[in-house]
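Structure assessment
So the chains spell out like this:
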Amino acid sequence: MQRGFSGGRGFDGGPRFSPGPGFGRRKGPPTSFIAIGVALIQVLGTAFAASHQAGARPLDALALVQLLAGPAALLLRRRMPVLMVPLTFAAALAYLLAGYPWGPVVVSFAVSLMLSAAAGLRWLAWLGAGSAAATVLLWSLLVGDEAWPLRFSAAAAWAAILVLLGEGFRRRREQLAEYRRRRAAAEQAERDEYRLTLARDIHDVVAHSLSMINVQASVALHLGANEPERLRPALEAIKAASKESLAEVRQLLGVLREDAPLHPGARPGLARIPELVEHARLAGLRVDLEGPPELPGAGEAQQEAAYRVVQEALSNVRRHSGASTAVVRLALAGNTLEVTVDDDGAGLDWSKQGGAEPGNGLTGMRERVEALGGSLALLPLDGLPPNRGLRVKATLPLAEGTGP
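Residues numbered from 1 in each chain as written. Predicted model: local features only at pLDDT ≥ 70, side-chain atom pairs only at ≥ 80, totals over all residues. Heavy atoms only, no water.

Summing up its helical and strand segments, the protein has ten helices and five strands in all. Looking at the protein as a whole, 38% of its 404 residues qualify as buried. Expressed as a percentage of contacts within the protein between residues at least 6 apart in sequence, the contacts between residues at least 24 apart total 73%. Accessible area of the protein: about 21,900 Å², with a carbon and sulfur share of 62%. (Helix = DSSP H or I, 4+ residues; strand = E, 2+ residues; numbered from the N terminus. Buried < 20%, exposed > 50% of the residue type's maximum accessible area, 1.4 Å probe, protein only. Contact = heavy atoms within 4.5 Å. Areas by Shrake-Rupley, 256 points an atom, 1.4 Å probe, with all protein chains shown as cover.)

Below, the structure is given as structure tokens:
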């Protein structure tokens, strides 16, 4: 039986997870905050710079409008992002052409380049960066600035850096989104695996116990009329099987309610296989157990899988095969635990196995074994007539470095 996950259980029986740090959906600061911050930088910064520039055109209402036009264009970030770069560029250029003092008027344009690149509008961001560099070059040539190569290079470099910063933000956001998708997929797979494990456990417990109770009840009815002195052992077997079934079902429900934590002793293992054999004998099946109840190197997961394989195989022998004898073998072969259950019953119709649908029990056995990297095989038993006898063989690899 599987232990509960460390994250707890949800109301539907699946694991409940607590997202790790930074796992939330982050879209960056609100656009309004960005626009307000840029507006304060441009207005206050330009006013401070103007106080140190003698002979520049004084700041007036038109200058204030132009200084605020760029930050206002940033508000189009969500609705019409393609207009951010041209509008902020136009606002800064109009301010400078009007002869107002130099200052941080280009901050809104710089922010629009980063936001456009971060939004995936690479063509627009690079077009804006190229336009800014070309404008600086043209301005320097028109005013006869001898340092125009330096100014052009600096403008082009800064514009490229801004675009690359936006690209970095975009890639970081995509990486976080991919991480969230992978984590959500991993959590869903873990929830599905838990439900599948719980379904296998419930089937193994209920099917085995009810099969045992049904067989013993039939025996009790027969003995009650013909051999009353043998009635008591049959009723005792029914009582033992029902008690064990109730205990395991309560434990499964306790995992869902989180009020009955599991402990290592609650997990069935090799030591409890003799109980399965004894129950099958009480049901009238002659069963031999070969192999020690404890094998070195067999971990808890392998022991539980071996127990469930024997449990389901013996249940199927009693319910379906009509067998009179069975043999359970446990052995270590190298670094592998081998579990074999043979019977002399009706076997399987091998001509139809290619199209036959496996039952829940066989499917559960196979899934449980394969989850540990092992394999499960159903084989005809040699030495018996055709279509007679069946061998259920499970091989379970042990942890690396274990074994005899």
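Let us keep going from here.
Looking now at the packing of helix α1 (residues 31–50) against helix α2 (residues 61–73). Contact geometry of α1 with α2 gives a least axis separation of 8 Å together with a crossing angle of 150°. If you check the angle between α1 and α2, you find them roughly antiparallel. In this structure, α1 crosses over α2, and the sense of that crossing is right-handed. Two secondary-structure elements touch here, α1 through Ala35, Val38, Ala39, Gln42, Val43 and Thr46 and α2 through Leu64, Leu67, Leu68 and Pro71. (Axes fitted to C-alpha atoms, helices over the stretch in contact; angles between N-to-C directions. Parallel < 35°, antiparallel > 145°, perpendicular 65-115°, else oblique. Left-handed = near helix turned anticlockwise from the far one by under 90°.)

This paragraph deals with the sheet that holds strand β2 (residues 325–333). Strand pairing in a sheet relies on backbone hydrogen bonds, with the paired strands running either antiparallel or parallel. The five strands lie next to each other as β1-β2-β3-β5-β4, forming an open sheet whose pairing is mixed. On the outer flanks of this sheet lie β1 (286–290) and β4 (375–380), each paired with one strand and no other. Strand-to-strand twist in this sheet, taken as the mean axis angle between neighbours without regard to direction, amounts to 15°. Bridge count between β2 and strand β3 (residues 336–343): eight bridges; the pairing is antiparallel. Bridging from a neighbouring strand, valine 328 pairs with valine 341 of β3. In the packing of helix α8 (residues 273–282) onto the sheet, contacts are made with β1 and β2, and the angle to β1 comes to roughly 165°. Against the sheet, helix α9 (residues 300–321) engages β2, β3 and β5 (390–397), with an angle of about 10° to β3. (Pairing = 2+ DSSP bridges.)

The next subject is the nonpolar core. Among the nonpolar cores identified, the biggest contains 34 residues, and Ile273, Val310, Leu314, Val328, Leu337, Val339 and Val392 are the most heavily contacted of them. Put simply, the parts of the chain that give this core at least two residues each are α8, α9, β2, β3, α10 (360–371), β4 and β5. Ranked by residue count, the leading element in this core is α9, at eight residues. Dropping the residues within four chain positions of it, leucine 337 is found in contact with Leu295, Ala298, Gln302, Ala306, Ala331, Leu332, Ala394, Thr395, Leu396 and Leu398. (Core = buried A, V, L, I, M, F, W, Y, C linked by side-chain atoms within 4.5 Å.)

Right, let's talk about the confidence of the model for the protein for a bit. On average, residues of the protein carry a pLDDT of 76, and 71% of them reach 70 or more. In this model residues 259–265 is a low-confidence stretch, pLDDT under 50, and it forms eleven contacts with partners more than four residues away in sequence or in other chains. (pLDDT = per-residue confidence, 0-100.)

Considering the arrangement of structural elements, one finds serine 315 in helix α9. Among the polar contacts listed, one links the side chain of serine 315 to the backbone oxygen of glutamine 311, at a separation of 2.9 Å. (Polar contact = N/O pair within 3.5 Å; in protein donor to acceptor, adjacent residues only side chain to side chain.)

For the rest of this paragraph, the subject is the environment of arginine 308. With respect to the secondary-structure elements, arginine 308 resides in helix α9. The class of arginine 308 is buried, set by a relative accessible area of 1%. A C-alpha to C-alpha distance of 9.6 Å links arginine 308 and valine 369, two positions 61 residues apart in sequence.

This part is about α2. Spanning 13 residues, α2 covers 18 Å between terminal C-alpha atoms, matching the ideal 18 Å at 1.5 Å per step. All of the buried residues along α2 are Ala63, Gln66, Leu67, Gly70, Pro71 and Ala73. (Expected span 1.5 Å × (residues − 1).)

Running from N to C, helix α4 (residues 107–118) and helix α5 (residues 122–142) point in directions that differ by 150°, and their axes come no closer than 8 Å. The orientation of α4 with respect to α5, classified from their angle, is roughly antiparallel. For the pair formed by α4 and α5, the contact residues are Phe109, Leu113, Ser116 and Ala117 on the first element and Leu124, Ala125, Gly128, Ala129 and Ala132 on the second. Residue composition of the contact of α4 with α5, by class: seven nonpolar, two polar and no charged. (Nonpolar A, V, L, I, M, F, W, Y, C, P; charged D, E, K, R; others polar.)

By the bridge criterion, eight bridges tie β3 to β5 in an arrangement that is antiparallel. Among the inter-strand pairings, threonine 336 is bridged to a residue of β5, identified as proline 397. Where β4 and β5 come together, six bridges link them in antiparallel fashion. If you follow serine 375 over to β5, its bridge partner there is threonine 395.

Residues Met80, Val82, Leu83, Leu87, Trp123 and Leu127 make up a contiguous nonpolar surface patch of about 570 Å² in total accessible area. If you trace the backbone, leucine 127 turns up in helix α5. (Patch = residues over 30% accessible without salt bridge, like charges linked within 9 Å, V, L, I, M, F, W, Y side chains within 5 Å. Salt bridge = Lys/Arg side-chain N within 4 Å of Asp/Glu carboxyl O.)

Spanning 22 residues, α9 covers 30 Å between terminal C-alpha atoms, matching the ideal 32 Å at 1.5 Å per step. Within α9, 16 of the 22 residues are buried, which leaves the element mostly enclosed by the surrounding structure. Following α9 by one or two positions, glycine 322 has its phi on the positive side, about 70°.

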